[in-house]
Amino acid sequence: MAQVHAQVACTVCQETFEGTTYARAKSARDVHTRLCVRTIQVEYANRTVDRVDTHLVKPPYLEKLGIVFNTQVSALICLACAIAIAPSHIVEHVKNKHGDCELAISRELLARDIDALGVDDELPTLDQSLRPEVQGLALHTGLQCDLCPKIYVSPASMLKHCHTEHEGSALPSSWPVVFAQQLDHSLHRSYFPVSPAAVPQRSPVERIVDDLRAAMESLDGKPTGNRLDARLVSPWLKSNRWPELIKDKSIGELRAAVSPLKANEFPLLVPAVHRLFLGSEDMFDLVPELILQRLNTPDPLKTGINNQPFHRHQDHPARMRDYTSPVIRLLAMLVRKPTCTTFELPQEISERVESLKAAMIKPDD
């Protein structure tokens, strides 16, 4: 017996698949998952149809392929595509249109269901008389010609029909709007008028989107706390212990604490920080080039020292504003009047914050 080395689960139904390698287990899982997704699509289509009509017969094997039998027109219908299919075209249709599901079709089981239904190999020919909506087929809104029973779903097609089939006849200012359906998109693509059985049905995709939207609206989108994933804490954050300071703080209060300065709020803080950065910039001319090269090297032990030294940015004035902005906002957080957001700072830092507050009141000191 082959030894199992890998297990993967279906992302839809959580069924587990095993294999001697991860690639084999994943391949089996992917085939099953695609089938699960198609099953969901068929289930949504079935819900819509079953809600308004009972003209659909669901043979056991055909239903697994997403195909039902409509007793109104005595034809097989693919619910996912909303078209009729001739029995001899089922295998080709599933392979070409739903090949991503990789369904292994049993011709014996398929023939058993078809023989039990007594379905003709040719699709029926429907006249242009008004009939009840054929459940399972797509429902369209079309335009009906005044001079013949033809129906088209676009004005451009109707105009082409009038110029071709009714040349010399006066064009009407408008055409009657009717509900219409078609058996397929090939030899039986002509539209025939129908009276809807109920309100026009939503497509399976629209139902899924509506269900997802309702589920999202039922959730409380307001953050209840700072749920910080430990895997997102970088070594730099560990060294400055910032996550420990904010882990129990309100996200809204933290954002307010580091919000941009308002008009006339700490008017001396911005020029002081700019002056500090400009003073540091003068150090470029004093620091040896080897030190500047090392500063511009992320990991000297692994890559060696970068030949390009640490230097001023080409767009220096604009970049300087970008560099100083976060520093100004963090300093403002420390000197603003405490509200609900307070931090336990080391004694040395607390003393320097008090000195900064005093300096902004009495700059000459």
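See the structure printed just above.
In this text the structure is predicted, and so the values were computed from the model without any measurement.

**Student:** Tell me about the overall build of the protein chain, and please be specific about residues and values.
**Tutor:** Check the secondary structure of the protein chain and you find 14 helices and 11 strands. The buried share of the protein chain, taken over its 365 residues, is 28%. Across the protein chain, every contact between residues at least 6 apart in sequence was considered, and the portion connecting residues at least 24 apart equals 56%. Just so you have it, the protein chain exposes about 24600 Å², and 56% of that area is on carbon and sulfur atoms.

**Student:** Report on unusual backbone geometry, specifying residues and quantitative values.
**Tutor:** A positive phi angle, near 60°, is found at Ala82, a position not held by glycine. Relative to the assigned elements, Ala82 resides in the loop between β5 (75-78) and β6 (83-85). One non-glycine residue, Phe266, lies in positive phi territory at about 50°.

**Student:** Any chance you could break down the sheet that holds strand β3 (residues 56-57) for me, citing the residues and the numbers?
**Tutor:** Within a sheet, adjacent strands bond to each other through the backbone by hydrogen bonds, running parallel or antiparallel. What the 4 strands build is an open sheet, ordered β3-β4-β5-β6; its pairing is antiparallel. One side of each edge strand has no neighbouring strand; the edge strands of this open sheet are β3 and β6. Taken together, the 4 bridges between strand β4 (residues 67-70) and β5 define a ladder with antiparallel strand orientation. Bridge pairing in β5 places Phe69 opposite Leu76. Lying on the sheet, helix α3 (residues 90-97) is in contact with β4, β5 and β6; it crosses β6 at an angle near 135°.

**Student:** Residue-level account of the packing of aromatic side chains, with values.
**Tutor:** Across all of its chains, the model carries 0 aromatic pairs by this definition. Sitting above the plane of the Phe192 ring, Arg131 keeps its charged end 5.7 Å from the centroid.

**Student:** I'd like a description of the side chain of His161, backed by residues and values.
**Tutor:** Within the element layout of this structure, His161 appears in helix α5 (residues 155-165). A distance of 3.2 Å separates the side chain of His161 from the side chain of His166, its partner in a polar contact. In this view, His161 contacts Cys145, Cys148, Lys150, Tyr152 and His166; residues no more than four positions away in its chain are not counted.

**Student:** Can you explain the environment of Pro193? Please cite residues and give values.
**Tutor:** As for its position among the elements, Pro193 is in strand β11 (residues 192-195). Note: C-alpha distance between Pro193 and Leu130 (63 residues apart in sequence) is 5.1 Å. Not counting residues up to four positions away in its chain, the partners in contact with Pro193 are Gln128, Ser129, Leu130, Arg131, Gln144, Ile151, Phe179 and Ala180.

**Student:** Tell me what's going on with the state of the cysteines, and back it up with residues and numbers.
**Tutor:** A full pass over the atoms with the stated rule returns 0 disulfides. Cys148 forms no disulfide, and the closest cysteine sulfur to it belongs to Cys145, at a distance of 3.8 Å. There is no disulfide at Cys162, and the cysteine sulfur nearest it, in Cys145, is 4.7 Å away.

**Student:** Which residues make up the sheet that holds β11, and what are the values?
**Tutor:** Taken together, the 5 strands give an open sheet; going across it, the order is β7-β11-β10-β8-β9, and neighbouring strands pair in mixed fashion. The open sheet has two free edges, formed respectively by β7 (131-132) and β9 (151-152), since each of these has just one partner strand. Pairing between strand β8 (residues 140-144) and strand β10 (residues 177-181): 4 bridges, direction antiparallel. Looking at β10, one finds that Gly142 is bridged to Val178.

**Student:** Please set out the pairing of β10 residue by residue, giving values where relevant.
**Tutor:** For a regular strand, side-chain orientation follows a simple rule: the groups alternate between the two sheet faces. Here 2 bridges tie β10 to β11, and the two strands are oriented antiparallel to one another. Each bridged residue has a counterpart across the sheet, and for Gln181 the counterpart in β11 is Phe192.

**Student:** Talk me through the pairing of β5; I want residue IDs and the actual numbers.
**Tutor:** Where burial is concerned, the two faces of β5 agree: the one with Ala75 and Ile77 and the one with Leu76 and Cys78 are both buried. Linking β4 to β5, which pair antiparallel, is a turn of 4 residues; within it Ser74 sits at a positive phi near 55°. Pairing of β5 with β6, which is carried by 3 bridges, proceeds in the antiparallel orientation. The partner of Ile77 across the bridge, within β6, is Ala84. Between β5 and the antiparallel strand that follows it, β6, lie 4 residues; Ala82 among them carries a positive phi value of about 60°.

**Student:** Outline a nonpolar patch on the surface, supporting the account with residue identities and numerical values.
**Tutor:** On the surface, Ile291, Leu295 and Phe310 cluster together to form a nonpolar patch covering roughly 290 Å² of accessible area. Among the secondary structure elements, Phe310 is positioned in the loop between α12 (300-303) and α13 (316-335). The exposure class assigned to Phe310 is partly exposed, which follows from its relative accessible area of 39%.

**Student:** Tell me about the side chain of Gln181, and name the residues and values.
**Tutor:** The residue Gln181 is located in strand β10 in this model. Gln181 sits in the buried class, given a relative accessible area of 0%. A polar contact of 3.1 Å, which involves the side chain of Gln181, links it to the backbone oxygen of Leu137. Discounting chain neighbours no more than four positions away, the residues touching Gln181 are Glu133, Val134, Leu137, Ala138, Leu139, His140, Ser190, Tyr191, Phe192 and Val194.

**Student:** Could you give me a rundown of the environment of Leu276, with the residues and numbers involved?
**Tutor:** Within the secondary structure, Leu276 is located in helix α10 (residues 269-281). The class of Leu276 is exposed, set by a relative accessible area of 56%. Separated by 48 residues in the primary sequence, Leu276 and Thr324 place their C-alpha atoms 9.6 Å from one another.

Cut-offs used in this document
Residues numbered from 1 in each chain as written. Predicted model: local features only at pLDDT ≥ 70, side-chain atom pairs only at ≥ 80, totals over all residues. Heavy atoms only, no water. Helix = DSSP H or I, 4+ residues; strand = E, 2+ residues; numbered from the N terminus. Buried < 20%, exposed > 50% of the residue type's maximum accessible area, 1.4 Å probe, protein only. Contact = heavy atoms within 4.5 Å. Areas by Shrake-Rupley, 256 points an atom, 1.4 Å probe, with all protein chains shown as cover. Pairing = 2+ DSSP bridges. Axes fitted to C-alpha atoms, helices over the stretch in contact; angles between N-to-C directions. Phe/Tyr/Trp six-rings, centres within 6.5 Å; stacked < 30°, edge-to-face > 60°. Lys NZ or Arg CZ within 6 Å of the ring centre and 35° of its normal. Polar contact = N/O pair within 3.5 Å; in protein donor to acceptor, adjacent residues only side chain to side chain. Disulfide = S-S within 2.5 Å. Patch = residues over 30% accessible without salt bridge, like charges linked within 9 Å, V, L, I, M, F, W, Y side chains within 5 Å. Salt bridge = Lys/Arg side-chain N within 4 Å of Asp/Glu carboxyl O.

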